Amino acid sequence: MSESVGAVHLGWDVVTVAAGGGGKPTTLLMVDGQATPTAQLLADASGQLHTSGVDGGRSDIGPAIADVRDILGHSRIVVAGATWPVDAVFGARFHNPVAAIRAYLGGTPDVLALPYPDSWSEQLVDSYAEVVESIGIAVEPIPESVALAGYVRERAIVDNEIGATIVYSDGRSLLVVAVHADGARPTASVDVTLPRDAHNDSRAADSVVEDVVAAARDIDADSRQIVLIGNIVDNERLRFAFQNHFGRRLVVAAEPLHAIAIGAAALVAGASEESEERIGPPANDDLTVRHAVVMPEPSRAFGAPSPADHGATVRHVAASHRQPSMWDDSGPARLVEPVVNGVRAHAITLILAGAALVALIVAFLAFRWFTEPEPLSAEDTRAAVVAAMLPSDEFDGMTAREIEDGIVAVTTGTELTSMACGSIPLTAKEATGARASAEQSFEAPQNSPADGDGYRAGDALSLRAMYYDPDTADSVMSAILGRVQDCPNGAANDLRYVVAVPSNGEDPGPPLQAGSTPERQKPSLDAHGGDRLAWRGLLPRADSTIGRVQHVTCLADRTGDIVLRACGTSLETRRADELAELGISRLLERNR
């Protein structure tokens, strides 16, 4: 049987509580007669602390501490003339939540899970654990991202076949978490800024969705499911922005405000059960312990480290102090080290390691000095993008569109526009290092047959190449992906109803015209791995050369310092896909 576990998630605004294990299901709990009581502490005229459950009719009660977490690291605080030790303040804040946990479990929990923000320092986490431990319960601090991963696994949103991208918000910021179908892979998380105007402005809310898409791509999140958690669920503008972008892939958590507490409790209870099956109970049953879930560090770090959330084992660490370091002279774990010629062996190792490090640094600096590429001149960048374009007879059956100076249009400086679509200006991220762009178009003749193996009326290809400075070319792809979400914005471009193809997970297929039905066999684009980006949209009738709504598929890729893009246009989405793949393959062949 698993240990009994309680979980208290102390946020800046509300407190949420859950409990489970020991033969009881994990569930949310009411505190002070409320599901989400406010987190602030109140005080009366004498300095006595109270929670929100105090009699509301008292006239001598007022706000005292808005966010109790702000006093971590201090030894005491003065409230209405009364001096309170910090551990006593946390004892007051946790008294009612722990009482609710005891009532549900039928006794004091074996472990109290303490979710904390991923951005907290180790020192702050230790301070938090120590002051809560002072109430006499063993605690287990858990990053919020790991608790969120525990929730989606507990509620079977994530299983062995499909992962998820979690978007969590406490109203102040956003946390994007990658939870993989493979439970052995650690979670990864990254913070995303949440502007104030996103709560009541649709355009700002759409921009937040773009930032989340880019962040999810950066941490290799599974985009087949997007799970909204936190009080973002109650904001219509933000919720509708995510709904409009992700459609049926969007999942709204059933317990959005309690998800972290439920996930933390379920995770610790499950870990303790697995540990008992594997290693049995601890040898010393009289030892007061802090149960620490041991989880490997992530292979990639994005924002705060997010330890793996699955397959964890449990170790027992004395609650009164840390395990002493092997180099701690005062601790019982001190090792007897061999002495070689009067010098400790580990000292020699450190000296040799330091010398090797210095040598590597010198070699690296020398390598960069002699090999770091220099940016091309303005004339050379123009020549580079023009050379990246294809000859006019590249596609037999389509003709290159003539412009004033030939078939290639070149832009530089402030004339540059986004690689995403139309004439949208560059964002600051896209503009960094952008030097020159070349563009050309090919189209089938208007009298081309409507069927057959050749190109048909309405078939067209738009090709583009943009040169970036060597030190900025690596970071531009995520900026382009974010800008793709701005494509359906009116007169600045010609695409509507844009759907991005995720870099992992299932291809969502093309956007549908009003009144049309999806194809039986959904088309599929390969945008997995490398720098490949893909998106689809619809070309309105007014912008079509044949006066009909057309499908557009765009593929972007990178070779060296040049970003390439090919957009195929056709009456059928499959042909648009094929044209885009043909165009990007020819561009890559020419520029390799």
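No experiment lies behind these values; they were computed from the predicted model shown. Residue indices begin from 1 for each chain and proceed along its sequence in written order. Owing to the predicted nature of the model, reporting of local features is limited to residues with pLDDT of at least 70; listing and counting of side-chain atom pairs is limited to 80 or more, with chain, interface and lining totals taken over all residues. With hydrogens and water set aside, each side-chain value is computed from the structure's full complement of heavy atoms.

Asker: Quick one: what's the story with the state of the cysteines, residue by residue and with numbers?
Answerer: Working definition: a disulfide is two cysteine sulfur atoms within 2.5 Å of each other. Per the stated rule, a full pass over the model turns up one disulfide. One disulfide in the model links Cys 554 with Cys 567; its S-S distance is 2.0 Å. Taking the sign of the S-S torsion, 110° for the link of Cys 554 and Cys 567, the bridge is right-handed. You can see Cys 554 sitting in strand 26 (residues 550-559) and its partner Cys 567 sitting in strand 27 (residues 562-570), a full 13 residues away along the chain. Note on accessibility: Cys 554 and Cys 567 belong to one class, buried. In this text, helices come from DSSP runs of H or I with a minimum length of four residues, and strands from runs of E with a minimum of two, each type numbered from the N-terminal end. Accessible area is worked out with a 1.4 Å probe on protein chains only. A residue is then buried under 20% of its type maximum, exposed over 50%, and partly exposed in between.

Asker: Tell me about the side chain of Thr 26, and please be specific about residues and values.
Answerer: Within the fold, Thr 26 resides in strand 3 (residues 24-29). Look at Thr 26 and you get buried, because its relative accessible area is 15%. Ignoring sequence-local partners within four residues, the contact set of Thr 26 consists of Ala 19, Gly 20, Gly 21, Glu 154, Arg 155, Ile 262, Ala 265 and Ala 266. Note on definitions: a residue-residue contact is assigned when non-hydrogen atoms from the two residues lie within 4.5 Å.

Asker: Could you give an account of the packing of helix 4 (residues 202-218) against helix 10 (residues 476-484), with specific residues and numbers?
Answerer: How two helices pack is summed up by the angle between their axes together with the distance between the axes. Orientation is described by axes fitted as lines to C-alpha atoms, over the contacting stretch for helices, and by angles from 0 to 180 degrees between their N-to-C directions. Viewed as axis vectors pointing N to C, helix 4 and helix 10 meet at an angle of 145°, and their least axial separation amounts to 8 Å. The handedness of the crossing between helix 4 and helix 10 is right-handed. Contact residues: helix 4 offers Glu 210, Val 213, Ala 214, Arg 217 and Asp 218, while helix 10 offers Ser 478, Leu 481 and Gly 482. Polar here means any residue other than Ala, Val, Leu, Ile, Met, Phe, Trp, Tyr, Cys and Pro, which are nonpolar, and Asp, Glu, Lys and Arg, which are charged; Gly is therefore polar. Class assignment for the residues of the contact of helix 4 with helix 10 results in three nonpolar, two polar and three charged. By convention the crossing between two helices is left-handed if the near helix lies anticlockwise of the far one by an angle smaller than a right angle, and right-handed if it lies clockwise.

Asker: Please give an account of helix 11 (residues 573-591) that cites residues and values.
Answerer: Compared with the 27 Å implied by 1.5 Å per residue over 19 residues, the 27 Å span of helix 11 between its first and last C-alpha is a close match. For helix 11, the full list of buried residues reads Thr 573, Arg 575, Ala 576, Asp 577, Leu 579, Ala 580, Gly 583, Ile 584, Leu 587, Leu 588 and Asn 591. The secondary structure elements touched by the buried residues of helix 11 are helix 8 (378-388), strand 23 (460-468), strand 25 (533-539), strand 26 and strand 27. Take the number of residues in a helix, subtract one, and multiply by 1.5 Å to get its expected span.

Asker: Give me the lowdown on the nonpolar core, citing residues and values where you can.
Answerer: Only buried Ala, Val, Leu, Ile, Met, Phe, Trp, Tyr and Cys residues count toward a nonpolar core, and they belong to the same one when joined by side-chain atoms within 4.5 Å. Formed by 52 residues in total, the largest nonpolar core has its most connected members in Val 167, Leu 174, Val 176, Ile 232, Phe 242, Ile 480 and Trp 535. Broken down by element, this core gets its largest block of residues, eight residues, from helix 4. With residues near it in sequence (within four places) discarded, Ile 480 still touches Met 419, Ala 420, Glu 430, Leu 533, Trp 535 and Val 563. One finds Ala 19, Ala 100, Trp 120 and Ile 137 within the second-largest nonpolar core, a separate group that totals 37 residues.

Asker: If you had to explain the pattern of salt bridges to someone new, which residues and values would you point to?
Answerer: Salt bridges are defined by distance alone: a side-chain nitrogen of Lys or Arg within 4 Å of a carboxyl oxygen of Asp or Glu. Scanning the entire structure with this criterion turns up 13 salt bridges. When the shortest N-O distance is used, the salt bridge between Asp 220 and Arg 185 registers 3.3 Å. You can see Asp 220 sitting in the loop between helix 4 and strand 14 (226-230) and its partner Arg 185 sitting in the loop between strand 12 (173-179) and strand 13 (188-193), a full 35 residues away along the chain. A relative accessible area of 26% means that Asp 220 is categorised as partly exposed. The partly exposed category is assigned to Arg 185, whose relative accessible area is 37%. Asp 557 is the partner of Arg 532 in a salt bridge, and the nearest nitrogen-oxygen pair spans 2.8 Å. Of this pair, Arg 532 sits in the loop between strand 24 (496-501) and strand 25 while Asp 557 sits in strand 26, and the two are 25 residues apart along the sequence. Asp 557 matches Arg 532 in its accessibility class, with the two residues each being buried. A single salt-bridge network, built from bridges that share partners, covers Glu 154, Arg 155 and Glu 255.

Asker: Quick rundown of the environment of Gly 406? Include the residues and the values.
Answerer: Topologically, Gly 406 is positioned in the loop between strand 20 (399-400) and strand 21 (409-412). With 34 residues separating them along the chain, Gly 406 and Gln 440 place their C-alpha atoms 9.6 Å apart.

Asker: Which residues make up the packing of aromatic side chains, and what values go with them?
Answerer: Think of it this way: a Phe, Tyr or Trp ring, Trp meaning its six-membered ring, pairs with another when their centres are within 6.5 Å, and the plane angle makes it stacked under 30 degrees, edge-to-face over 60, tilted otherwise. A full pass over the atoms with the stated rule returns seven aromatic pairs. Throughout this description, the term charge over a ring refers to an Arg CZ or Lys NZ atom that lies within 6 Å of the ring centre and within 35 degrees of the ring normal. Taking the ring centre of Trp 12 as reference, the NZ or CZ of Arg 172 above it sits at 4.0 Å.

Asker: Outline the sheet that holds strand 5 (residues 49-50), listing residues and values.
Answerer: For two strands to be treated as a pair, DSSP must find no fewer than two bridges joining them. Sheet architecture is open: three strands sit in the order 5-4-6, paired in antiparallel fashion. The strands lining the two open edges of the sheet, one partner per strand, are strand 5 and strand 6 (62-65). Where strand 4 (residues 41-43) lies against strand 6, three bridges are found, and the strand directions are antiparallel. Within strand 6, the residue paired with Ala 43 across the bridge is Gly 62.

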